[in-house]
Amino acid sequence: MDDQKPTSAQRHISDRLHRLTDDSNENYHALKRVVAAKWGAVPTRSIRASVGIVATTAAFSVPVAAQATQEASDVMCSSGLGPVITLAFGMITIGMFLLAAFRGAMAWLKMGSARSDKKKEGRDAARGAVITFCGAWFFPLFAVVLDKAGVSTLSCVNFANIM
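Reading the values: rules and limits
Residues numbered from 1 in each chain as written. Predicted model: local features only at pLDDT ≥ 70, side-chain atom pairs only at ≥ 80, totals over all residues. Heavy atoms only, no water. Helix = DSSP H or I, 4+ residues; strand = E, 2+ residues; numbered from the N terminus. Buried < 20%, exposed > 50% of the residue type's maximum accessible area, 1.4 Å probe, protein only. Contact = heavy atoms within 4.5 Å. Areas by Shrake-Rupley, 256 points an atom, 1.4 Å probe, with all protein chains shown as cover. Axes fitted to C-alpha atoms, helices over the stretch in contact; angles between N-to-C directions. Parallel < 35°, antiparallel > 145°, perpendicular 65-115°, else oblique. Nonpolar A, V, L, I, M, F, W, Y, C, P; charged D, E, K, R; others polar. Polar contact = N/O pair within 3.5 Å; in protein donor to acceptor, adjacent residues only side chain to side chain. Left-handed = near helix turned anticlockwise from the far one by under 90°.

So, the overall build of the chain
Along the chain, the regular secondary structure elements total five helices and zero strands. Listing every helix and strand of the chain by position from the N terminus yields α-α-α-α-α. Sorting the 163 residues of the chain into buried and exposed places 12% on the buried side. Considering only intrachain contacts with a sequence separation of at least 6, the fraction spanning at least 24 residues in the chain is 66%. Entry remark: accessible area of the chain is about 13,000 Å², with carbon and sulfur atoms responsible for 68%.

A closer look at the packing of helix α4 (residues 116-136) against helix α5 (residues 138-149)
Between α4 and α5, the least distance of the axes is 5 Å, while the angle of their chain directions is 20°. Viewed along their axes, α4 and α5 adopt a mutual orientation that is roughly parallel. Contact with α4, carried on its side by C134, G135 and A136, involves F138, F139 and P140 of α5 and no other residues of that element. In terms of residue class, the contact of α4 with α5 is made up of five nonpolar, one polar and no charged.

Brief notes about the side chain of T93
Tracing the chain through its elements places T93 in helix α3 (residues 81-111). Contact partners of T93, with chain neighbours within four places excluded, come to A136, F139 and P140.

Some words on the side chain of T132
Looking at where T132 falls in the secondary structure, it is placed in helix α4. Within the structure, T132 has its side chain in polar contact with the side chain of R103 (distance 2.9 Å). When sequence neighbours within four positions are dropped, the list of residues in contact with T132 reads M96, L99, A100 and R103.

Details of the packing of α3 against α4
In the contact formed by α3 and α4, the axes pass within 8 Å of each other and the chain directions differ by 165°. With respect to each other, α3 and α4 are oriented roughly antiparallel. Judged by the sense of rotation from one axis to the other, the crossing of α3 with α4 is left-handed. A breakdown of the residues in the contact of α3 with α4 according to their chemical character gives 11 nonpolar, six polar and six charged.

This is the structure we're talking about:
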């Protein structure tokens, strides 16, 4: 094959493309330097002001929040809403444990199949059963967190009278 030299128009387009990419690279690096210079220095004055505002707000709002949680706790226990929420969390937890057991049993059956696609479905179902089992722990832990935060849910229920 014979070597073809580019025509003057092709050289002109190629040169313009190279100049354009070089200019773009230079602009990019210039902007990068400006951004690095702007964000490299920590604006300490605005950080100090923000910390001061947050600390002042937190200092004055703690007694109000404590009073509000005590009132919420009293309302939860006196209205019977605390035991209802505890019962609902318990039922959801038991339901999720049963669902995890059912999904695990179905996964066990699928993994016993001779077909490889069924075995893959079984492994996926087993993963789902483990995720459901782990997710079932969210509701009782959430009830404990609510109780520790001052919103009585578990504290309203007298577990000694249940049995």
